[in-house]
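Okay, here's what each chain looks like letter by letter:
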Amino acid sequence: MWAAIKSALGGGEERRVAPRVSAIGTAHVDSRKYPLENWSASGVLFSGHDGRLAKGQRFKMRLEVQGDRGLIEFNAEAVVIRLAGDKVAAQFFMIDKAKKRIIMDYFARLDAKR
């Protein structure tokens, strides 16, 4: 049904500005660790959610993601945009500028390889 509605409205294509990629890493929220599913320059999807976060909630996290040149580590403030089962999709809204540059460079290198 949703596919038909999206198609009728001209949707269906990926509308993300920042494409997501599979991730090997960890999201640290409070004192808990959650495995990453995927991430992009604008957000992250992690699993193992235990109900502590709610849609629309702002929170702080520390991310450790295996990049092509080693571990990318950074702190971020994010907002929960979607919950599905034990998965949390969150959009970044605050990252240190120097770390943001490292993240953007990483995704630029990935795009260049495609």
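Our structure is the block above this text.
Structural notes, computed from the coordinates. In this text, all values refer to a predicted model and were calculated from it rather than measured experimentally.

Rules used in this analysis
- Residues numbered from 1 in each chain as written.
- Predicted model: local features only at pLDDT ≥ 70, side-chain atom pairs only at ≥ 80, totals over all residues.
- Heavy atoms only, no water.
- Helix = DSSP H or I, 4+ residues; strand = E, 2+ residues; numbered from the N terminus.
- Expected span 1.5 Å × (residues − 1).
- Contact = heavy atoms within 4.5 Å.
- Polar contact = N/O pair within 3.5 Å; in protein donor to acceptor, adjacent residues only side chain to side chain.
- Salt bridge = Lys/Arg side-chain N within 4 Å of Asp/Glu carboxyl O.
- Buried < 20%, exposed > 50% of the residue type's maximum accessible area, 1.4 Å probe, protein only.

**Description of helix α2 (residues 97–113)**
For α2, with 17 residues, the first-to-last C-alpha span of 25 Å sits near the 24 Å given by 1.5 Å per residue. For α2, the secondary structure elements touched by its buried residues are β1 (21–22), β3 (32–39), β5 (58–67), β6 (70–84) and β7 (87–95). The N-capping residue of α2, defined by a side-chain oxygen 3.0 Å from the backbone nitrogen of Ala 98, is Asp 96.

**Some remarks on the pattern of salt bridges**
Within this structure, the stated rule accounts for 6 salt bridges. We note a salt bridge from Asp 50 to Arg 52, for which the minimum N-O separation is 3.0 Å. Here Arg 109 ties to Asp 68 by a salt bridge, and the two come within 2.8 Å at their closest N and O atoms. Of the two residues, Arg 109 is situated in helix α2 and Asp 68 in the loop between β5 and β6; the sequence distance between them amounts to 41 residues. A relative accessible area of 22% means that Arg 109 is categorised as partly exposed. In this structure, a network of salt bridges that share partners links the residues Arg 32, Asp 50 and Arg 52.

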